[in-house]
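Each chain is listed here by its residues.
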Amino acid sequence: MVLRFFPQKEKYTPEKSQLTFDPKQAIPKHIAIIMDGNGRWAKNRRLPRVAGHKEGMETVKKITKHANRLGVKVLTLYAFSTENWKRPDDEVNFLMQLPVDFFDTFVPELIEENVQVHVMGYEQYLPAHTQDAVKRAIEQTATNDGLVLNFALNYGSRAEILTAVKGIATEVQNNHLAVEEIDETVMGNHLMTGFLPEDLRDPELVIRTSGEERISNFLLWQLAYSELFFTKALWPDFDGEHLETAIADFQKRNRRFGGLDKEEKK
Ligand code: FPP
């Protein structure tokens, strides 16, 4: 009899291959991902939580390359939220070291892949070594014009909206802007996605892994009309096939933006 002391849970992949993604149909230009389930992935293997984050970093590499090859223009990844500081110090320290390891090992490939790195969040509160690694990666990839790999790092959407509102209020107070001029474009310019061209700021597709179905303070303004895709796959298990399944699902959605279908208008 074979005794299995550490039975590994079977990889959960029911969403895979159920839908066929069509490369000829529109690929979402901006995909945003809430990378969830690293801790559970590690727990299933009797490993410390940080082992899940390390494996999650490998998934980031794979998915970045895959998204770039599919022609995605912007990939926004929720790597650390303004609320994640509540985690134990050891885990926070590990998460702050991850971008350093990621960029140290992966920037040459990002350059080869023509990927441009961007970070949005309250970077000034990150440890110095994390800030340095981020700055270096941004500089080293600044002239690339392929996929924008946009890390949300120490990011929280309510804080982002408050910062934007305060910025707009200050412009009004200093007579640089009239209240009547405040519109969605002005707001969009003040948000952390304001560095992107206007047509790329809002993700068309938001993916959350690990079976949780909530938004967790992520891009609250920008995802007003995003298509949401939830998968039970844990982030370290998420792969190119899962990504293509999410895109295939997106391609089947009927996006009306509050309007009507073509047929209904007739
Ligand atoms: C959520 O899973 C995940 C995070 C808070 C961290 C995400 C970070 C990575 C995927 C690596 C990022 C890589 C770079 C290069 C910055 P969880 O820990 O909440 O998982 P659980 O819900 O299963 O406990």
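You'll find the protein entered in an unreviewed UniProt entry as Isoprenyl transferase, with Enterococcus alishanensis given as the organism. Under Sequence similarities (unreviewed entry), UniProt gives the following word-for-word description of the protein: "Belongs to the UPP synthase family." The UniProt entry for the protein carries the following comment under Function (unreviewed entry): "Catalyzes the condensation of isopentenyl diphosphate (IPP) with allylic pyrophosphates generating different type of terpenoids."

J.: Whenever I open this one, the overall build of the protein confuses me. Can you help?
T.: A count of helical and extended segments in the protein gives eight helices and six strands. On C-alpha atoms alone, the protein measures out to a radius of gyration of 20 Å, which is about the 18 Å that the 2.2 N^0.38 rule sets for 266 residues. The principal-axis extent of the C-alpha atoms belonging to the protein is close to 80 × 55 × 35 Å. In the protein, which comprises 266 residues, the proportion classed as buried is 47%. Put simply, of all contacts in the protein between residues at least 6 apart along the chain, 78% involve residues at least 24 apart. As displayed, the protein has an accessible area near 14400 Å², and 51% of this comes from carbon and sulfur atoms. Charge centroids of the protein, computed over 34 positive and 40 negative side chains, lie 7 Å from each other.

J.: It is not clear to me how the environment of L77 should be interpreted in this structure. Could you clarify?
T.: Structurally, L77 is set in strand β2 (residues 74-81). Classification of L77 by relative accessible area gives buried; the value is 1%. Residues contacting L77, with those up to four places away along its chain left out, are I33, M35, V60, L149, N150, F151 and A152.

J.: Mind showing me how you'd approach the site of the ligand here?
T.: Taken together, 15 residues form the shell around the ligand, and within it D36, G39, R40, R49 and R87 come nearest. Within the side chain of D36, an N or O atom sits 3.1 Å from an oxygen atom of the ligand. G39 is positioned such that a nitrogen or oxygen atom in its backbone is 3.0 Å from an oxygen atom of the ligand. Isolated, the ligand exposes 630 Å² of accessible area, and the fraction of that covered by the protein chains is 91%. Judged by its atoms lying within 2 Å of the grid points, the ligand is housed in the largest pocket. Elements that contribute at least two residues to the shell around the ligand include exactly α1 (38-44), α2 (49-70) and α3 (89-112). Residue classes in the shell around the ligand are distributed as six nonpolar, five polar and four charged.

Calculation notes
Residue indices follow the written sequence of each chain, beginning from 1 at its first position. Totals for whole chains, interfaces and linings use every residue, but because this is a predicted model, local features are given only for residues with pLDDT of at least 70 and side-chain atom pairs only at 80 or more, for both listing and counting. Hydrogens and waters are ignored; side-chain quantities use all the structure's heavy atoms. UniProt positions are given in the numbering used here, feature names are shortened, and annotations may be inferred rather than shown by experiment. Runs of E in the DSSP output that reach at least two residues are strands. Runs of H or I that reach at least four are helices, and both are numbered from the N terminus. We take the radius of gyration over the C-alpha atoms and set the globule estimate at 2.2 Å times the residue count to the 0.38 power. Remark: exposure states derive from per-residue accessible area (1.4 Å probe, protein chains only) relative to the maximum for the residue type, with buried under 20%, exposed over 50%, and partly exposed in between. Any pair of residues with heavy atoms lying within 4.5 Å of one another is described as a contacting pair. For the accessible areas, the method is Shrake-Rupley and the probe is 1.4 Å, while residue cover comes only from the protein chains on display. Charge counting treats Lys and Arg as positive and Asp and Glu as negative, with His and both chain ends excluded. Just so you know, the charge point we use is NZ for Lys, CZ for Arg, CG for Asp and CD for Glu. Any residue with a heavy atom positioned within 4 Å of a molecule or strand is treated as near that molecule or strand. Within 3.5 Å is the distance limit for a polar contact, defined as a pair of N or O atoms, with the added protein rule that one can donate a hydrogen and the other accept it, and that residues adjacent in sequence qualify only through two side-chain atoms. Method remark: on a 1 Å grid restricted to protein atoms, a set of points is classed as a cavity if a 1.4 Å probe fits but cannot get out and as a pocket if it is open with protein on both sides within 12 Å along at least five of seven lines; lining residues have an atom within 4 Å of a point. To be counted as sitting in a cavity or pocket, a molecule needs more than half of its atoms within 2 Å of that site's grid points. Charged means Asp, Glu, Lys or Arg here, nonpolar means Ala, Val, Leu, Ile, Met, Phe, Trp, Tyr, Cys or Pro, and polar covers whatever is left, Gly included.

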